[in-house]
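An overview of the molecular structure
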Amino acid sequence: MKALNDNELAARVARDIPDGAYVNLGIGKPTNVSAHVPDDREVIYHSENGILGVGPTPAAGTEDLELIDASKRYITMAPGAAFFEHSTSFAMMRGGHIDIAVLGAYQVAENGDLANWATLDETYPPAVGGAMDLVAGVPTIFVMMRHVNRDGSPKLLKACTYPLTGLGVVSRVYSDLAVLDVTPEGFRLVELAPGNSLDEVQSLTDARILT
Amino acid sequence: MDKRVADLASAVAPIADGASVMIGGFGSSGIPYGLIDALLAQGAGGLTVISNNAGAGETGIAKLLKAGRLAKVICSYPRTPGSIWFERRYEAGEIELEVVPQGTLAERIRAAGAGLGGFFTPTAYGTRLAEGKETRVIDGRGYVFEAPLHADFALLRAERGDRWGNLSFHATARNFNPVMATAARHAIAEVRHLSDAPLDPERVVTPGIFVQSVVEYGVRP
């Protein structure tokens, strides 16, 4: 078994971000995807705190403390950027105007159900942010995740056990071991990460992988 | 008409115990730190705060949590790195939490400000956050009814303001501030620059009709 590292996984997702797309990158690992999209593609990144046209990280010492993305990281503006308030920002998301969202996940089920906002630990305060709005309105949801939990248990399941973010919303899963499409019949293999066999990846997946 | 007030303390003086208070900002951007500090000094308690986050470290809303001034928080994302005071109060059962999806939070506030009785949204349909709520299938798609969210006060942060209450913003410090201005019975804006001249009408983001008082606070976080 050979798992992609975070950079390799971000680069793999970036290959599938087309020129001209409006894209929302979720907090955490997905924010690294933009660094791997080739310069000859013009992709407009949306951040739900009120900017279209998120640019690269600023050079040290040039940060604007009031110019941040949804991960609360300092950003710059890309050419053609625009600022707006929150209800407009979520109209873009819920209203189907954003083309692709890339999100992390605790669990994805073979029917496309996504769980990425709360665990079963009731003592820990849940935090939903904009995840439910994104999956409700963005037509293409890419999930970027480790294939298994730290303890080796599967995250790609027949049915999610954690509270759902959205029902049947995931289009495609990019894990560190494989790319899988969500189809009406279940997970279908698109490709294996180099150095892995289908048998190995299937053994780490609760749901059946179709080929 | 002159909505300018002399200082932060005068601006927050009307906020009484038990009031509901919207507080603008997202992450560390667009938070009315000056007004929050003044509210802490003023002493009102038992407050319901409506805001996207619940503060981090020892700043902003975290100061109110640390001092035990909040009874309830309505927000989308209470858990951020360093949100220790929210977590302590929550784990001790000392604070009520209502988690609302971020877009639903913004739209409930918008509905209140726009005089609407609520709306149906696809967000959260079929999830735990829709439990107990009215649902409806419209054109084959499931929606959840969400009620408007009003507040007694809104504390806002803007870049510029004038005596009419018009506001303009800087970069991503805009976020929830304009929509919250519309939904509170009494909106108070701290502005980095309080202009003697009227703001350029083409650059006004929040028209002054939504703002009851403006106070200058030049510090940018």
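How each quantity is defined
- In this numbering scheme, every chain counts its residues from 1 along its sequence in written order.
- The order in which chains are written sets their letters, starting at A; the order in which ligands are written sets their numbers, starting at 1.
- Residue-level local features of this predicted model are given only where pLDDT is at least 70; pairs of side-chain atoms are given and counted only at 80 or more, and the full residue set underlies all totals for whole chains, interfaces and linings.
- Helix and strand definitions here come from DSSP, where helices need a minimum of 4 consecutive H or I residues and strands a minimum of 2 consecutive E residues; each element is numbered from the N-terminal end.
- Note on pairing: DSSP must find at least two bridges between two strands before they are called paired.
- Contact between residues is assigned whenever the C-beta positions, reconstructed from backbone atoms, fall within 7 Å.
- Each residue gets one of three labels, nonpolar for Ala, Val, Leu, Ile, Met, Phe, Trp, Tyr, Cys and Pro, charged for Asp, Glu, Lys and Arg, and polar for the others, Gly among them.
- Lines fitted to C-alpha atoms define the axes here, with helix axes fitted over just the stretch in contact, and angles between the N-to-C directions of these axes take values from 0 to 180 degrees.
- Working rule for angles: under 35 degrees goes down as roughly parallel, over 145 as roughly antiparallel, 65 to 115 as roughly perpendicular, anything else as oblique.
- Each helix crossing is assigned a hand: it is left-handed if the near helix lies turned anticlockwise from the far helix by less than a right angle, otherwise right-handed if that turn is clockwise.
- As a rule, residues whose C-beta atom has 12 or fewer other C-beta atoms within 10 Å are exposed, those with 20 or more are buried, and those in between are partly exposed; C-beta atoms are placed from the backbone.
- The pLDDT score gives, residue by residue, the confidence of the prediction method on a 0 to 100 scale.

Side note on the environment of G118 of chain B
Mapping G118 of chain B onto the fold places it in the loop between α5 (102-113) and β5 (119-121). As for G118 of chain B and S29 of chain B, which are separated by 89 residues in sequence, their C-alpha atoms are 28 Å apart.

What about the sheet that holds strand β9 (residues 156-157) of chain A?
Residues and elements named next belong to chain A. In spatial order, the strands read β7-β6-β9; together these 3 strands make up an open sheet with mixed pairing. Looking at strand neighbours, the two that pair on one side only are β7 (114-115) and β9, the edges of this open sheet. Where strand β6 (residues 107-109) lies against β9, 2 bridges are found, and the strand directions are parallel. In the strand pairing of β9, V108 is matched with L156.

Things to note about the interface of chain B and chain A
Note on interface size: it is often stated as the accessible area lost on association of the parts. Between chain B and chain A, the contact holds 40 residues from the first and 31 residues from the second. Broken down by secondary-structure element, the contributors of at least two residues to the side of chain B that touches chain A are α4 (84-91), β4 (96-99), α5 and α6 (177-183) of chain B. The biggest single contributor to the side of chain B that touches chain A is α5 of chain B, with 5 residues. Its residues assigned to classes, the side of chain B that touches chain A comprises 18 nonpolar, 14 polar and 8 charged.

Some remarks on the sheet that holds strand β6 (residues 135-138) of chain B
Residue and element names in this part refer to chain B. One open sheet holds the 3 strands; their spatial order is β5-β7-β6, and the pairing between them is antiparallel. Of all the strands in the sheet, just β5 and β6 have a single pairing partner and so form its edges. Strand-to-strand twist of the sheet, defined as the mean angle between neighbouring strand axes without regard to direction, takes the value 40°. Bridge count between β5 and strand β7 (residues 141-146): 3 bridges; the pairing is antiparallel. If you follow F119 over to β7, its bridge partner there is E146. Its contacts with the sheet place α5 against β5 and β7, and it is angled at close to 165° to β5.

Overview of the packing of helix α2 (residues 86-94) of chain A against α5 of chain B
Contact geometry for α2 of chain A and α5 of chain B: axes closest at 9 Å, N-to-C directions at 125°. As summarised for this structure, α2 of chain A and α5 of chain B are arranged oblique, according to the angle between their axes. Here α2 of chain A and α5 of chain B pass one another in a crossing that is left-handed. Contacts between α2 of chain A and α5 of chain B involve H86, S87, F90, M93 and R94 of chain A from the first element and Q102, G103, A106, E107 and R110 of chain B from the second. Per-class residue counts for the contact of α2 of chain A with α5 of chain B are 3 nonpolar, 4 polar and 3 charged.

With respect to the pairing of strand β10 (residues 184-194) of chain B
All names here are of chain B. With 9 bridges connecting them, strand β8 (residues 151-161) and β10 associate as parallel partners. By the bridge assignment, A151 is partnered in β10 with A184. One ladder, built from 4 bridges, connects β10 with strand β11 (residues 213-216); its direction is parallel. When the bridges of β11 are listed, E190 appears paired with V215.

Observations regarding unusual backbone geometry
Residue and element names in this part refer to chain B. Within the chain, A124 stands out as a residue other than glycine whose phi angle is a positive 80°. A tally of 27 C-beta atoms within 10 Å means that A124 is categorised as buried. Even without glycine at this site, A171 takes up a positive phi of about 50°. When you line up the elements, A171 lands in the loop between β9 (167-168) and α6. Taking the C-beta count within 10 Å as the criterion, A171 has 21 such neighbours and is therefore assigned buried.

As for the confidence of the model for chain B
Here chain B shows a mean pLDDT of 95. Residues at 70 or above account for 100%. We note a pTM of 0.96 for the whole complex and an ipTM of 0.95 for its interfaces.

A word on α2 of chain A
Of all the 9 residues making up α2 of chain A, 7 are buried; the element is thus mostly covered by neighbouring parts of the structure. Those residues of α2 of chain A that fall on the buried side of the exposure criterion are H86, S87, S89, F90, M92, M93 and R94 of chain A. Those residues of α2 of chain A hidden inside the fold are in contact with β1 (22-25), β2 (44-47) and α3 (131-137) of chain A together with α5, β5 and α6 of chain B. Once α2 of chain A finishes, G96 of chain A follows within two positions and takes phi at roughly 80°, a positive value.

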